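Here are the chains, one letter per residue:
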Amino acid sequence: MSRLKTAGRPYDLVLFGATGFVGELTAEYLAAHAPDGLRWAIAGRSEEKLRRLRDRLTGAAPAPKVGMLVADVSDPGSLRELAGHARVVATTVGPYVRYGDALVAACADAGTDYLDLTGEPEFVDLTYVRHDARARETGARLVHACGFDSVPHDLGVYFTVRQLPEGVPLSVDGFVTVSATFSGGTFASALGQFARGRALRAAAVERRRHEPRLVGRRVLTPTGAPRFAGEVGAWALPLPTVDAQVVRRSAKALDRYGPDFRYRHYAAVRRLPVAVGGVAAVGALVAAAQVPPARRRLSARLAPGQGPSAERRARSWFSVRFVGEGGGRKVFTEVSGGDPGYDETAKMFAEAALCLALDALPPVAGQVTTAVAMGDALIERLRAAGIGFRVAATR
Ligand SMILES: NC(=O)c1ccc[n+]([C@@H]2O[C@H](COP(=O)([O-])OP(=O)(O)OC[C@H]3O[C@@H](n4cnc5c(N)ncnc54)[C@H](OP(=O)(O)O)[C@@H]3O)[C@@H](O)[C@H]2O)c1
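Residues numbered from 1 in each chain as written. Predicted model: local features only at pLDDT ≥ 70, side-chain atom pairs only at ≥ 80, totals over all residues. Heavy atoms only, no water.

### A closer look at helix H2 (residues 21–33)
The first and last C-alpha atoms of H2 sit 19 Å apart over 13 residues, in line with the 18 Å expected at 1.5 Å per residue. For H2, the set of buried residues is Phe-21, Val-22, Gly-23, Leu-25, Thr-26, Ala-27, Tyr-29 and Leu-30. Turning to H2, the residues buried within the fold contact strand E1 (11–16), strand E2 (40–44), helix H3 (47–58), helix H14 (310–314) and helix H15 (343–358). (Helix = DSSP H or I, 4+ residues; strand = E, 2+ residues; numbered from the N terminus. Expected span 1.5 Å × (residues − 1). Buried < 20%, exposed > 50% of the residue type's maximum accessible area, 1.4 Å probe, protein only. Contact = heavy atoms within 4.5 Å.)

This is the structure we're talking about:
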């Protein structure tokens, strides 16, 4: 299906899960920044909540510019209708492994571009196996991980690679530093992930069975080992998040990453006791997530819909530093911004949605990363919105 075929749909963009914590921040961002003439709507399972949100966004205008659609993940018909009404659907309804599959299916089938905020590798692998082929047939772009997972990392590596020579082996290390806290929705997704180790590995194996082999080039994302990284003056701890997987897929899809590409993903921590404490805390959380009663008690501590206050978010920040090397050149780059989990996630998510809806982009379809689907266009949007992409030094 060509993009022209979706052009006559009622909405350019529909935001599903608009009444959740990140959903509301994204809706507010769109209300403040969407260009005049964008036909967009908020969607969710509660008409009452949607109406209240729309009144807040539009000042209860008699003929509001923001549309409203009611849909529930337990009703596949409502998701098909949602997908058929939009050119682009952006969803915050997570944990995605529990709630997400039917909407991806509906978008792949309808040729509707889809984006989400998942950081769940199992979900990304399952949707690849189930829906990539159909999306390629219909022309739908399925873009996962359009928040702090994994935009700064995926686009940061893309940006770094473009500072290095072409056609030579390249290596990039990424060092993530954040000062922030998280919401109930994120906490629920993380706990769910920790409890699903076996399912996660099975989904990865299934994906490898379906994925074409890379011919004539090599892309590696080794885990790396904890070390003191003199180049950034911090302790580097391997970070086994979805980010390195996203970077790997971008590197496989884009020849610009060179014939032999390696990426390693780390958390950067200045003081050794903080590094040791962080590893111990995550280990304890992973262990607790394996025991259902402990998992339930932990979940109850932070309910869905709750998250950090505006004051706390205003004090939060992130920085991802990259060290890239190849062809006799070394480059130091940085992607940075404010509150990573919410304010900046909402910004990245909204800008990615606008980018898919409005910008001239490469002709790709199926499951694609932010670098592959949007690359430079999204970097330009994010820069204009205040997220830093800079070259700190070259040698
Ligand atoms: N990539 C990142 O960096 C990043 C950052 C932040 C969050 N996230 C992810 O984004 C997701 C949302 O986080 P959040 O903090 O906003 O969570 P949340 O506040 O719990 O919001 C979840 C949304 O899902 C909706 N929902 C739940 N069940 C539904 C159903 N049956 N049908 C339709 N909608 C349903 C909720 O609707 P109601 O409003 O009606 O309850 C709500 O709008 C999570 O998966 C989280 O992990 C990712």
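The rest of the description comes next.
### Overview of the domain arrangement of the protein chain
Segmenting the protein chain into domains produces domain 1 (3–147 + 345–378) and domain 2 (151–340 + 388–394). Opposite the 26 residues of domain 1 that make contact, domain 2 presents 36 residues. Overall, the association of domain 1 and domain 2 removes approximately 2,600 Å² of surface from exposure, summing both partners, and the carbon and sulfur fraction of that is 63%. It is Phe-21, Glu-122 and Asp-125 that lose the most area in domain 1 upon contact with domain 2, and together they represent 24% of the buried surface on that side. The tally of links between domain 1 and domain 2 comes to four salt bridges. If you look at where domain 1 meets domain 2, you find 11 residue pairs in polar contact (both at pLDDT 80 or more). Where the side of domain 1 that touches domain 2 is concerned, the elements lending two or more residues are H2, helix H7 (121–138), H15, helix H16 (370–373) and helix H17 (375–384). (Domains from an automatic or database assignment. Buried area = accessible area lost by both parts, 1.4 Å probe. Salt bridge = Lys/Arg side-chain N within 4 Å of Asp/Glu carboxyl O. Polar contact = N/O pair within 3.5 Å; in protein donor to acceptor, adjacent residues only side chain to side chain.)

### Thoughts on the packing of aromatic side chains
For the coordinates displayed, the defined rule picks out seven aromatic pairs. Ring geometry for Phe-148 against Phe-318: centres 5.1 Å apart, planes inclined by 65°, an arrangement best described as edge-to-face. Of the two residues, Phe-148 sits in the loop between strand E6 (141–143) and helix H8 (151–161) while Phe-318 sits in strand E12 (residues 317–326), which places them 170 residues apart along the sequence. Of the two residues, Phe-148 and Phe-318, neither departs from the other in class, the shared state being buried. Ring plane angle 75° and centroid distance 5.4 Å describe the contact between Phe-228 and Trp-235, whose orientation is recorded as edge-to-face. When its relative accessible area of 28% is taken as the criterion, Trp-235 is described as partly exposed. When the ring centre of Tyr-128 is taken as origin, the NZ or CZ atom of Arg-207, which lies over that ring, is 4.2 Å away. (Phe/Tyr/Trp six-rings, centres within 6.5 Å; stacked < 30°, edge-to-face > 60°. Lys NZ or Arg CZ within 6 Å of the ring centre and 35° of its normal.)

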